[in-house]
Amino acid sequence: MINFRPPETGASPTESTSSSVVAAEKAISFISKGWREVKISTQADLRLMKDRAKSFQNLASSFDREFENFLNSASKSTFPVTSSSSPSPAEVDFMRRWQPKVSDIRRRHSSPDFGSRAPEKWKPRAKIRIDLSAIKNAILSEVEFYDTELYQRRARMKVNDDFGWELKGEGDQWHHLPGYWEPIRAFKTRLQELEKRSSSFEIIKGLKNSRFMVKVKSSLKAICKEPDDLKDVPPLDVPELLAYLIRQSVPFLDHVGVKRDVSDKIVESLCSKRKNQLLLSPFHTRESSIPEGDNVNDELDLRIASVLQSTGHRYEGGLWTDLGKQEISDGKRNVAIVTTASLPWMTGTAVNPLFRAAYLAKSEKQNITLLVPWLTRGDQELVYPNNITFSSPEEQEAYIRSWLEERVGFKTDFKIAFYPGKFQKERRSIIPAGDTSKFISSKDADIAILEEPEHLNWYHHGKSWTSKFNHVVGVVHTNYLEYIKREKYGALQAFLVKHINNLVTKAYCDKVLRLSAATQDLPKSVVCNVHGVNPKFLTIGEKMASEREGGHQSFSKGAYFLGKMVWAKGYRELIDLLVKQKDDLNGFKLDVYGNGEDAHEVQSTASRLDLNINFMKGRDHADDSLHGYKVFINPSVSDVLCTATAEALAMGKFVVCADHPSNEFFRSFPNCLTYKTPEEFVNKVREAMASEPHPLTSEQQYNLSWEAATQRFMEFSDLDKILENDECNKSRRSKWVDGGLAFGHYCFTGNEFLRLCTGAVPGTRNYDKQHCNDLNLLPPQVENPIYGW
């Protein structure tokens, strides 16, 4: 299938057309060269055969002259024909000279295995028409000549028994000679048999029905077919679709006990039922017949290819296999990182995949592509803060690179591509529109990293990730079950979502990394923190530590909390703790930074409960105004791994957080103070406010860095082994099971009614007209009429 992408992320249509023309020219040149070689070889063989035939004819002519001279001399002689008579010395000398030659010819050509010992160059080559009529006619003319001469002479002659020749009277026939010209008649018979076997009809029929010629013909059609030939191609009917589905499902059917020959018979039966209709269709009017047996499969392939090509679709594989998987050409593997959010939305799934792409590309051992969602102008106004909007993907890419390079301190060298996305207000998240996988071309489809694989695949209706890519790694960022439980009918929704998450991650991932044990236990998953902190935060921490060593007061402020202002981000837990321990925390003041959909409700609740909270607009955690705070408070239990907590530790601050699996990675840091009860929360806050944080050691700084996170990611995702050994180990059983799950999910998400019943954004099965205009895409109904798995 043709993948339409922005100019900066792939080849332009002109370049794509040029490459197709070059490929066609190379194919035609290769075929022409092969036929030239066959032609030259055939001409050389024919020349050799003509030379041998000419030599044989010269020998026969020489023998004819000598024999005629002998007869003339015999007829002119006057010796009586008696038993006591003897030939002249000249005649005896002539006969002695020719006796060995005649005996040798007789011995060689009357042998039963003469045909098997004939030179290979004289044998007819398979499937090549050789006209030997000229040789035959030449020999027959010579035989007829001798026959006429003998009958005209009517001679009575007897040759010495030593030579074994005898000529009788007028009524005798040439074939009465005792076997000495039998080789000529045998040769004549062999010529007739050869002519019969080598008839032009048989050779042409054999060449036409040969599998090689069928393949060559189909290849030439695929290369040279004009677009006008495909305008009137009818769509596939039901028997053809069923036949194609059954043929592509042969591995699965074989796995469940249906033998291959049974499947082949079903396919042949379905094709034969529609034979008459197919012959009347525009596709078959160009063909004289429908091939039988194995050629039914070839005809079905041509039929599918014709329909797909007429719609502009490029077929890249079968239902269970993908023939278009990436071939490594430049020595580097291709890694595609697909995420569900993008800057300037300051969320974990926008920031962390961006850093991962930068640090994977920094090693220059692999080519990196970051695939992020593109929102239309209306959705941008709802999602991006400070009224930031972009009129084109190029403009947003420039913003992303500028933000990133300012923080990492080096020039980033990776591609940024966009896929259509739509913002869902109810879930406050971006849902992919259409098939996200097709925005990575097949030649680059090697390794995929799906940031939030469950989120990306809830409504994924397209190619299976594990079929298109050699290795797929999922990174789980969000504890969706915890969020859903807070909604109406949350328990039932959480139950359904839990099983859907299990299904999509098993179907579309080879390895799943969970940032912490706070997420559900997914198939093929391991727990490992593969996130680091912005290097800028470590620099801030070093600066604060040096100021303290110099005797300066580095922390002049108290406690603060920072996060998107929605109830699920810890604001409910924070307000509950402050309300319960209001008396114990008398005089404790907390500054809160954040923006979000629940901002008004959170602020009104805190005001109503008379809590000592000072609300401020959201800021970048690296902002100078936040450096002076000593204690970061994060009571959230819905996070998987809070990025703000890691950043606060990197800056050398105290962190007071819940004793929860999401904070397991931070417990090894002495500045991390965890609590289990409200009373412990009060004690930890007082401890932090009354003491100074410990400076970070070099080992602790490294553990928080993206270098260490990238190393952990390479190890736990098995990418280090795959990139080094070029191996992707997938068990046969797992392949079929996951393929079946992916196929079932594909069928389910193809129904718009079922999508809407499960909460999908209307119209997200395909992208809309505005996405087509922004990303230079063809309308989806033109681009995806039939999708090849």
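Keep in mind it's a predicted model, so treat the numbers as computed, not measured.

**Description of the pairing of strand β13 (residues 613–616)**
Pairing analysis gives four bridges linking strand β12 (residues 590–593) to β13, with the strands arranged parallel. Bridge assignment links D591 to a residue of β13, and that residue is N614.

**Concerning a nonpolar patch on the surface**
The grouping of Y489, L492, F495, L496 and I500 at the surface amounts to a nonpolar patch, some 560 Å² of accessible area in total. Tracing the sequence through the fold places F495 in helix α18 (residues 490–508).

**Considering the confidence of the model for the protein**
Low pLDDT marks stretches whose predicted atomic positions should not be read closely. Per-residue confidence for the protein averages 75 on the pLDDT scale, and 64% of its residues sit at or above 70. When the criterion is pLDDT under 50, residues 223–230 qualifies, and its contacts beyond four places in sequence or with other chains add up to 10 contacts. Here residues 782–789 scores under 50 on pLDDT; set against residues more than four positions off or in separate chains, the count is 38 contacts.

**Examining the sheet that holds strand β6 (residues 429–432)**
Strand order in the open sheet made by the eight strands is β6-β5-β4-β3-β7-β8-β9-β10, with mixed pairing throughout. Strands with a single pairing partner mark the edges of an open sheet, and in this sheet they are β6 and β10 (525–527). Taking each pair of neighbouring strands and ignoring which way they run, the sheet shows an average axis angle of 30°.

**What to know about the packing of helix α12 (residues 348–362) against helix α14 (residues 393–408)**
It is at 11 Å that the axes of α12 and α14 come closest, and there the two elements cross at 70°. When the axis of α12 is compared with that of α14, the two are roughly perpendicular. Judged by the sense of rotation from one axis to the other, the crossing of α12 with α14 is right-handed. Two secondary-structure elements touch here, α12 through V351, L354, F355, A358 and Y359 and α14 through I400, W403, L404, R407 and V408. Along the lines of polarity and charge, the residues of the contact of α12 with α14 split into nine nonpolar, no polar and one charged.

**Considerations on the packing of aromatic side chains**
Within this structure, the stated rule accounts for 19 aromatic pairs. Here Y359 and F410 contribute two aromatic rings whose centre-to-centre distance is 5.6 Å and whose plane-to-plane angle is 85°, an arrangement assigned as edge-to-face. Pair noted here: Y359 is in helix α12 and F410 is in the loop between α14 and β5 (415–424), with a separation of 51 residues, a long-range link. Taken as a pair, Y359 and F410 share a single burial class, namely buried. Site record: aromatic cluster; members linked through ring pairs are Y560, F561, Y571, Y593, Y629 and F632. Taking NZ or CZ as reference, R401 lies 5.1 Å from the ring centre of F414, over its face. Seen from the ring of W567, R572 lies directly overhead, with NZ or CZ sitting 4.0 Å from the centre.

**A word on a negative patch on the surface**
Taken together, the side chains of D583, D584, E679 and E680 make up a negatively charged region of the molecular surface. Mapped onto the fold, E680 is located in helix α23 (residues 678–690). In this structure E680 comes out as partly exposed when scored by relative accessible area, which is 32%.

**As for the packing of α12 against helix α25 (residues 706–716)**
Any two packed helices are characterised by the angle at which their axes cross and by the distance between the axes. Remark: α12 packs on α25, axes separated minimally by 10 Å, with the N-to-C direction vectors making an angle of 80°. Viewed along their axes, α12 and α25 adopt a mutual orientation that is roughly perpendicular. Taking contact as the criterion, the partners of N352, F355, R356, Y359, L360 and K362 in α12 are, on α25, W706, E707, T710, F713 and M714. Residues belonging to the contact of α12 with α25 are distributed by class as follows: six nonpolar, two polar and three charged.

Thresholds applied
Residues numbered from 1 in each chain as written. Predicted model: local features only at pLDDT ≥ 70, side-chain atom pairs only at ≥ 80, totals over all residues. Heavy atoms only, no water. Pairing = 2+ DSSP bridges. Helix = DSSP H or I, 4+ residues; strand = E, 2+ residues; numbered from the N terminus. Patch = residues over 30% accessible without salt bridge, like charges linked within 9 Å, V, L, I, M, F, W, Y side chains within 5 Å. Areas by Shrake-Rupley, 256 points an atom, 1.4 Å probe, with all protein chains shown as cover. Salt bridge = Lys/Arg side-chain N within 4 Å of Asp/Glu carboxyl O. pLDDT = per-residue confidence, 0-100. Contact = heavy atoms within 4.5 Å. Axes fitted to C-alpha atoms, helices over the stretch in contact; angles between N-to-C directions. Parallel < 35°, antiparallel > 145°, perpendicular 65-115°, else oblique. Left-handed = near helix turned anticlockwise from the far one by under 90°. Nonpolar A, V, L, I, M, F, W, Y, C, P; charged D, E, K, R; others polar. Phe/Tyr/Trp six-rings, centres within 6.5 Å; stacked < 30°, edge-to-face > 60°. Buried < 20%, exposed > 50% of the residue type's maximum accessible area, 1.4 Å probe, protein only. Lys NZ or Arg CZ within 6 Å of the ring centre and 35° of its normal. Lys, Arg positive; Asp, Glu negative; His and termini not counted. Charge placed at Lys NZ, Arg CZ, Asp CG, Glu CD.

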